[in-house]
Amino acid sequence: MSNTAAISVSDLTKQFGDFTAVDAITFDVKQGEIFGFLGANGAGKTTAMRMLCGLSLPTSGKANVAGFDLYKESEKIKKNIGYMSQKFSLYEDLTIRENNRFYGGIYGLTDQQIKEKTQFMLKHLHLESKADTLVKALPLGWKQKLSFSVSMIHDPKIVFLDEPTGGVDPITRREFWTMIYEAAHRGTTVFVTTHYMDEAEYCDRVSIMVDGKIEALDTPAALTKQFNAKGMAEVFVQLARKAKRSDN
Amino acid sequence: MESAVKVERVFKNFQSGKTQIEALKDISFEVGRGELFGLIGPDGAGKTTLFRILTTLMIANKGNAWVDDLEVVNDYKEIRKRVGYMPGRFSLYQDLTVEENLSFFATLFGTTLEENYELVKDIYVQIEPFKKRRAGALSGGMKQKLALSCALIHRPSVLFLDEPTTGVDAVSRQEFWELLRKLQLQGITIIVSTPYMDEASLCDRVALMQDGRIMDIDTPKGITQKFSKPLWAVGAADMYSLMNDLRSDERVDTCYPFGQYHHITFAEVNQEIQGIEKSLVDKGHTNLSIQKIEPTIEDCFMELMNQ
């Protein structure tokens, strides 16, 4: 982990009419850091994440993602980040190889690069024999590991993971986190949301959003100490109980 | 114990393209009247298929099942009058208001909101302020409460809840389980499925499901007591290299990250801890802590998966 900021946000705000979904949030994410982005349902996480991915324009505030300005260079941001969620990941009626070709093509990789990436990925995930299998025929755990790999096919500087382990069995969930550690080790910045509080402990630093604001941000150990709690689960409950708004 | 639900050797297969998927492989269990029973397992374990068979929406390939002593195929009409079902996907009418959805479901069962108001009161008061709002415009949490109210409107004897807390934050999950406890006190049998292992401890009994099978069925305490080996929690300053070092140590049998600690078991039941501690210190680990702990349901689930 270096001290260069991969994401730098100051007073970022998003309003929908008279509703302030994200209320002047300020934080930095270091390069190679695993940054946990937590909050109760409706706290504003998804809106904040959409802005950082260049999918939604902020109402006010500043942000720099992967070295690019959020207002002026959102297309460059999209090229330099990866995104994966539990809900949207791979095309079910394409094979593994076809998904790779599709996503590689979208990100402008050459045929040769796509071929090399695909081979490397299949080998790494021990899926060589499944290259021409339709994605829908794969068990969920494999799908999630595969879509994480596909989200990084273009070697993005930052990868955004939105509840990547929802509904996954406990062993696969841990294998998935091993992959996250490995990616961070190679220098990729990981920005991740989760409802599993044990996963919050695996992050280098964690922020917790309540009603559109970041109410706490530190290492899990420091937060646990600050809130005089046994672990992140207790820290989260203490903060989220203060929330006034739910997710409408 | 009189049973509210009884399942005997149920099998269910699906055809997906050229492949045959075995969704349920020889499932048997019983749920006692008034019990809060949990089906715990990841996506694809077969939880939803089992719910569909018990709510008479799908027929098993093999085996029998009874709800309220009624057989699920022959007595499906009577069962439908008696059970409440909240599917995993929001299945109310998005373009009807909260009020309209409730009165629609009440009419179907020949009842009214007022008739069983005591039962839904705690939940209904939370959605009442939005009663004129269309269901499609409600937040996730409110939709869930409306769906639960609709599933309860005819005072079912057995309530089936398919993953009511999936994607819900830790605080709202706690509140939802408090609601279930209150419903149980009103004499309703509740069968609830969840992928969150920590929720297992809130049930009277649980079935741990994986890949179409029930791996174990017991009280939460009964399950954790069956864990086969002493379990240790190990922590150090650098958790990632600690995990790699533990996994490459041949004295270590299993090592899984568990929040702040790694949970490990040893190949030898009577493994001496000082030796392990020393080799970790020699590898340069600092802030080392090793302590014996009680296993959680998740530890047991993983042990069963590995068998």
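Owing to the predicted nature of the structure, the values given are computational and were not obtained by experimental measurement.

Participant: I'd like a rundown of the overall build of chain B, residues and numbers included.
Facilitator: For chain B, the helix and strand inventory stands at ten helices and 14 strands. Across its three principal directions, the C-alpha atoms of chain B cover 75 × 45 × 45 Å. Classification of the 307 residues of chain B by burial places 52% in the buried group. Long-range contacts, defined here as pairs at least 24 residues apart, represent 69% of the contacts in chain B between residues at least 6 apart. Working note: accessible area of chain B is about 14,300 Å², and carbon and sulfur atoms make up 48% of it. Of the side-chain charges in chain B, 35 are positive and 44 negative, and the distance between the mean point of each set is 5 Å.

Participant: If you had to explain the domain arrangement of chain B to someone new, which residues and values would you point to?
Facilitator: Residue and element names in this part refer to chain B. Along its sequence, chain B is organised into domain 1 (3–219) and domain 2 (231–305). One C-alpha centre belongs to domain 1, the other to domain 2, and the line joining them spans 38 Å. Both faces considered, domain 1 and domain 2 share a buried interface measuring about 680 Å² in area, 88% of it formed by carbon and sulfur atoms. Counting the surface domain 1 buries against domain 2, the share from its top three residues, M197, L208 and M215, is 69%. The interface formed by domain 1 and domain 2 contains zero residue pairs in polar contact (both at pLDDT 80 or more). Element by element, the count of residues in the side of domain 1 that touches domain 2 is highest for strand 9 (residues 205–210), at three residues. Here the side of domain 1 that touches domain 2 is composed, by residue class, of seven nonpolar, two polar and one charged.

Participant: Go over the packing of aromatic side chains with me, naming the residues and quoting the values.
Facilitator: Any two aromatic rings considered together are summarised by their centre-to-centre distance and by the angle between their planes. All names here are of chain A. Under the defined criterion, the tally for this structure stands at 19 aromatic pairs over all chains. Aromatic side chains F148 and F176 sit 5.2 Å apart centroid to centroid with 40° between the ring planes, which places their arrangement in the tilted category. In this pair, F148 sits in helix 5 (residues 140–150) while F176 sits in helix 6 (residues 170–185), placing the two residues 28 residues apart along the sequence. The same class applies to F148 as to F176, namely buried.

Participant: Quick rundown of the interface of chain B and chain A? Include the residues and the values.
Facilitator: Across the boundary between the two partners, chain B contributes 34 residues, which contact 33 residues of chain A. The junction of chain B with chain A conceals about 2,700 Å² of combined surface from both sides, 59% of it contributed by carbon and sulfur atoms. If you sort the residues of chain B by the area they bury against chain A, D169(B), V171(B) and Y240(B) come out on top, with a joint share of 21%. At the junction of chain B and chain A, the tally comes to ten residue pairs in polar contact (both at pLDDT 80 or more). Among the elements that make up the side of chain B that touches chain A, the one with the highest residue count is helix 6 (residues 170–185) of chain B (six residues). Taken together, the residues that form the side of chain B that touches chain A break down as 17 nonpolar, ten polar and seven charged.

Participant: For the packing of helix 6 of chain A against helix 8 (residues 239–247) of chain B, give the residues involved together with the corresponding values.
Facilitator: Each pair of packed helices gets described by two things: the angle between the helix axes and the distance between those axes. Where helix 6 of chain A meets helix 8 of chain B, the axes come as close as 11 Å, and the angle between the chain directions of the two elements is 120°. Between helix 6 of chain A and helix 8 of chain B, the interaxial angle falls into the category oblique. Here helix 6 of chain A runs over helix 8 of chain B; the crossing is left-handed. From helix 6 of chain A, T178(A), Y181(A), E182(A) and H185(A) reach across to helix 8 of chain B, where they touch Y240(B), M243(B) and R247(B). Among the residues forming the contact of helix 6 of chain A with helix 8 of chain B, the class breakdown is three nonpolar, two polar and two charged.

Participant: So, the environment of V252(B): which residues are in play, and what are the values?
Facilitator: Residue and element names in this part refer to chain B. Inspection of the secondary structure puts V252 in strand 12 (residues 252–258). Note on V252: relative accessible area 9%, which makes it buried. A sequence separation of 16 residues divides V252 from E268, and the C-alpha atoms of the two residues are 8.4 Å apart. The residues contacting V252, other than those within four sequence positions of it, are L246, I264, T265, F266 and A267.

Participant: Give a detailed account of the layout of surface pockets, specifying residues and quantitative values.
Facilitator: Looking at the second largest pocket, its volume works out to about 1,100 Å³. Around the second largest pocket sit 39 residues that line it, and M197(A), D198(A), A233(A), D198(B) and T296(B) are the ones nearest its centre. At the level of elements, helix 6, helix 7 (197–201) and helix 9 (232–240) of chain A together with helix 6, strand 13 (261–266), strand 14 (289–293) and helix 10 (297–305) of chain B are the ones that each hand at least two residues to the lining of the second largest pocket. Grouping the constituent residues of the lining of the second largest pocket by class yields 19 nonpolar, nine polar and eleven charged.

Participant: Outline the sheet that holds strand 12 of chain B, supporting the account with residue identities and numerical values.
Facilitator: All names here are of chain B. Pairing within the open sheet is antiparallel, and its four strands lie in the order 12-13-11-14. Looking at strand neighbours, the two that pair on one side only are strand 12 and strand 14, the edges of this open sheet. Sheet twist, expressed as the mean angle between neighbouring strand axes with direction ignored, is 30°. Strand direction decides the pairing type here: strand 11 (residues 231–235) and strand 13, joined by three bridges, are antiparallel.

Participant: Account for the pattern of salt bridges, with residues named and values stated.
Facilitator: Tallied over the entire structure, the rule returns 35 salt bridges over all chains. Where R205(A) meets E33(A), a salt bridge forms, and the shortest distance between an N and an O atom there is 2.5 Å. Highlighted residues: R205(A) in strand 9 (residues 205–210) and E33(A) in the loop between strand 2 (19–30) and strand 3 (34–39), separated in sequence by 172 residues. The exposure classification of R205(A) matches that of E33(A), with both residues buried. With a closest N to O distance of 3.1 Å, R97(A) and D132(A) form a salt bridge. Taken together, the residues span a long stretch of sequence, with R97(A) in helix 3 (residues 96–106) and D132(A) in the loop between helix 4 (111–124) and helix 5 at a distance of 35 residues. When its relative accessible area of 40% is taken as the criterion, R97(A) is described as partly exposed. By sharing partners, the salt bridges in this structure join R173(A), R174(A), D198(A), E199(A) and E298(B) into a single network.

Calculation rules
Sequence order sets the numbering: in each chain, residues are counted from 1 along the sequence as written. Chains carry letters from A onward and ligands carry numbers from 1 onward, assigned in written order. The predicted nature of this model means local features are confined to residues of pLDDT at least 70 and side-chain atom pairs, given and counted, to a pLDDT of 80 or more, with totals for whole chains, interfaces and linings taken over all residues. With hydrogens and water excluded, all non-hydrogen atoms of the structure serve as input to the side-chain values. Per the convention used, a helix needs a DSSP run of H or I reaching at least four residues, while a strand needs a run of E reaching at least two, with both numbered from the N terminus. Any residue under 20% of the maximum accessible area for its type is buried, any over 50% is exposed, and the rest in between are partly exposed; the area is computed with a 1.4 Å probe on protein chains only. Any two residues having at least one pair of non-hydrogen atoms within 4.5 Å are treated as being in contact. Note on areas: Shrake-Rupley with a 1.4 Å probe; residue coverage comes only from the protein chains shown. Here the positive residues are Lys and Arg and the negative ones are Asp and Glu; neither His nor the chain ends is included. Where a charge lies is defined by one atom per residue type: Lys uses NZ, Arg uses CZ, Asp uses CG and Glu uses CD. The domain limits used here are those given by an automatic or database domain assignment. What gets called buried area is simply the loss in accessible area from a 1.4 Å probe that two parts show on being joined, summed for both. Side-chain atoms alone can form a polar contact between residues adjacent in sequence; in general such a contact is a pair of N or O atoms within 3.5 Å, and within protein one must be able to donate a hydrogen while the other accepts it. In this classification, Asp, Glu, Lys and Arg are treated as charged, Ala, Val, Leu, Ile, Met, Phe, Trp, Tyr, Cys and Pro as nonpolar, and every other residue, Gly included, as polar. Two aromatic rings, drawn from Phe, Tyr or Trp (for Trp, its six-membered ring), form a pair once their centres lie within 6.5 Å of each other, and the interplanar angle then sorts them: stacked below 30 degrees, edge-to-face above 60, tilted otherwise. What counts as an axis is a line fitted to C-alpha atoms, over the stretch in contact for a helix, and the angles between N-to-C directions run from 0 to 180 degrees. Note on angle classes: values under 35 degrees are labelled roughly parallel, values over 145 roughly antiparallel, values of 65 to 115 roughly perpendicular, and the remainder oblique. Definitions for this section: a left-handed crossing has its near helix turned counterclockwise from the far helix by less than a right angle. A right-handed crossing has that turn clockwise. Lining residues are defined by having an atom within 4 Å of a point belonging to a cavity or pocket. Those points lie on a 1 Å grid over the protein atoms alone, cavities being sets where a 1.4 Å probe fits but cannot get out and pockets being open sets with protein on both sides within 12 Å along at least five of seven lines. Grid points are joined across faces, edges and corners, and a volume is the space filled by probe spheres set on the points. Strand pairing is assigned whenever DSSP identifies at least 2 bridges connecting the two strands. In the sections that follow, a salt bridge refers to a side-chain nitrogen of Lys or Arg positioned within 4 Å of a carboxyl oxygen of Asp or Glu.

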